[in-house]
Structure formats: C-alpha cells, structure tokens
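# Fold and contact review
Here are the chains, one letter per residue:
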Amino acid sequence: MFRRFVAFLVLIWLFGFLWFAIALPGPLAMNVRTDAIIVLTGSSGRIEHALAVLEAGKAPDLLVSGVDREVRPREFAVQFRVPARLMKCCVTLGYRAYDTRSNAIEAAQWVTEHGAKSVRLVTADWHMRRAALEIGREFPDGVRLERDAVPSRPSLGALFLEYHKLLARAALNLWEAL
C-alpha cells in the first residue's frame, strides 16, 4: 500500500512537471490596456517588451523591479534607448528587490502609491506562474493582474528548479492558510 501511494505521488509530480514545462504561459494581446506595467528584471527581452508596451500607450506608468543599485537612470535610458521624456514621466526604477519575493513587495508598494487597479506583469514565460503567485499575494484587494509572458527557451534545469520553487511557494501558501 505504501509503495502505491509513493508511486501515485511520483506520478502527480511527473505530470505536474510535464504540464509546467510544456504549457508555458504566453504573451498578452498588445491591445490590452492597464493602469501600469511591472517588469521583473532577469532574462533578456523582458525590459524591451515592457518598454514597447509603454511606448504603444497601453499603460501610462512602468516599474522596472529589481534594478541593480549601481545602475543610474541615465545608464538605463541609454542601454534600452528610452527617450528622456518617457524616462522622466513614466519609468520608475525599483532598486529594493533582489528576488521574486522582494519583487512582489516592491511592486505592491508601488501599485499602492500609484493607485493602479490593473497591472500588466511582464516576466519570462517560465517565471510567470510563480511571479504572479507572489505578486498576487502582496497586491491590495481589487487589483487585476494581467500576465504578459515573454517567450524564452529555458533549459531543462531552469524549468526543473522553477517548478520546485513554485511547488514550495504553493505549499507555503497552503500552510499559512491553515
């Protein structure tokens, strides 16, 4: 009986991992408007995509969460070719976050300060589920989160690690709810 139970758990884990790895979230339609955009730094393409959405006028404000403390706004603007007027009015560089959990805290504080009721979250496809879970936990009630995953080509190792981080966070949430 014990072996059957363990085999059942292994099958659930395996099918969960296959679902996680094969059914990665996709990008959000470009015509969706929100009150703000939050992009989590990390793999390539995230910041560029968030800036394209901002420049297309699909949201008036952008938080770049997890920026290295040594990066200055001018350096950021030059690296990502952000016009000065856009940088001044609409882009906030967040320096307090260093991981997904602190991204969520930084994002929630920024959303509260800006009074946003709808947010487009931009991150890599493999990172989206856990990032949305973390941020959803921290956001004030009534804030709608739109997931805009940037397609990537993650390694099997990255998927394996991220799947287990997601499971750990979901288990912790369940434990805290009890």
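Residues numbered from 1 in each chain as written. Predicted model: local features only at pLDDT ≥ 70, side-chain atom pairs only at ≥ 80, totals over all residues. Heavy atoms only, no water.

Moving on, we come to the overall build of the protein chain. In terms of helices and strands, the protein chain carries 7 helices and 5 strands. Ordered by position in the sequence, the α and β elements of the protein chain form the string α-β-α-β-α-α-β-α-β-α-β-α. By its C-alpha atoms, the protein chain is 65 × 35 × 35 Å across when sized along the principal axes. By residue count, 42% of the 178 residues in the protein chain fall in the buried class. Considering only intrachain contacts with a sequence separation of at least 6, the fraction spanning at least 24 residues in the protein chain is 79%. Total accessible area computed for the protein chain in this model is approximately 10,300 Å², and 61% of it derives from carbon and sulfur atoms. Put simply, the protein chain has 23 plus and 18 minus side-chain charges, and the middle of one group is 4 Å from the middle of the other. (Helix = DSSP H or I, 4+ residues; strand = E, 2+ residues; numbered from the N terminus. Buried < 20%, exposed > 50% of the residue type's maximum accessible area, 1.4 Å probe, protein only. Contact = heavy atoms within 4.5 Å. Areas by Shrake-Rupley, 256 points an atom, 1.4 Å probe, with all protein chains shown as cover. Lys, Arg positive; Asp, Glu negative; His and termini not counted. Charge placed at Lys NZ, Arg CZ, Asp CG, Glu CD.)

Looking now at the pairing of strand β1 (residues 36-40). Counting buried residues in β1 gives 5 out of 5 residues, a clear majority hidden from the surface. Burial along β1 is two-sided: the residues A36, I38 and L40 and I37 and V39 are all buried. Strand direction decides the pairing type here: β1 and strand β4 (residues 118-124), joined by 4 bridges, are parallel. When the bridges of β4 are listed, I38 appears paired with L121. With 4 bridges joining them, β1 and strand β2 (residues 62-65) adopt parallel strand pairing. When the sheet's bridge partners are listed, I38 is paired in β2 with L63. Handedness of the crossover joining β1 and β2 through helix α2 (residues 46-55): right-handed. (Pairing = 2+ DSSP bridges. Right-handed = clockwise from strand over helix to strand, strands pointing away.)

Within the largest apolar cluster, 22 residues are counted, with the highest numbers of intra-cluster contacts made by L62, V64, F76, V82 and V91. Considering every element that reaches this core, the biggest residue donor is α2, with 5 residues. In contact with V64, other than residues within four places in its own chain, are V39, T41, I47, F76, V91, T92, L93 and G94. With 19 residues, the next largest nonpolar core counts W110, A116, F139 and V143 among its residues. (Core = buried A, V, L, I, M, F, W, Y, C linked by side-chain atoms within 4.5 Å.)

It is worth spelling out the state of the cysteines at this point. Taken as a whole and assessed by the stated rule, the structure comprises 1 disulfide. Put simply, C89 and C90 are joined by a disulfide, and their sulfur atoms are 2.0 Å apart. The sign of the S-S torsion, about -75 degrees, decides the handedness of the disulfide formed by C89 and C90: left-handed. (Disulfide = S-S within 2.5 Å.)

Right, let's talk about helix α5 (residues 100-114) for a bit. The end-to-end C-alpha separation of α5 is 21 Å, in line with the 21 Å expected for 15 residues at 1.5 Å each. When α5 is considered as a whole, its buried residues turn out to be T100, S102, N103, A104, E106, A107, A108, W110 and V111. Buried-residue contacts for α5 involve β1, β2, β3 (91-94), β4 and α6 (128-138). G115 lies just past α5 and shows a positive phi near 65 degrees. (Expected span 1.5 Å × (residues − 1).)

Right, let's talk about the sheet that holds strand β5 (residues 144-150) for a bit. Taking strand neighbours across the sheet as the criterion, the 5 strands line up as β3-β2-β1-β4-β5 in an open arrangement whose pairing is parallel. One side of each edge strand has no neighbouring strand; the edge strands of this open sheet are β3 and β5. Across the sheet, the axes of successive neighbouring strands diverge by a mean angle of 20 degrees, strand direction being ignored. The strands that α2 touches are β1, β2, β3, β4 and β5; relative to β1, the one it contacts most, it runs at about 170 degrees. (Axes fitted to C-alpha atoms, helices over the stretch in contact; angles between N-to-C directions.)

All we've got here are geometric facts, nothing functional implied.
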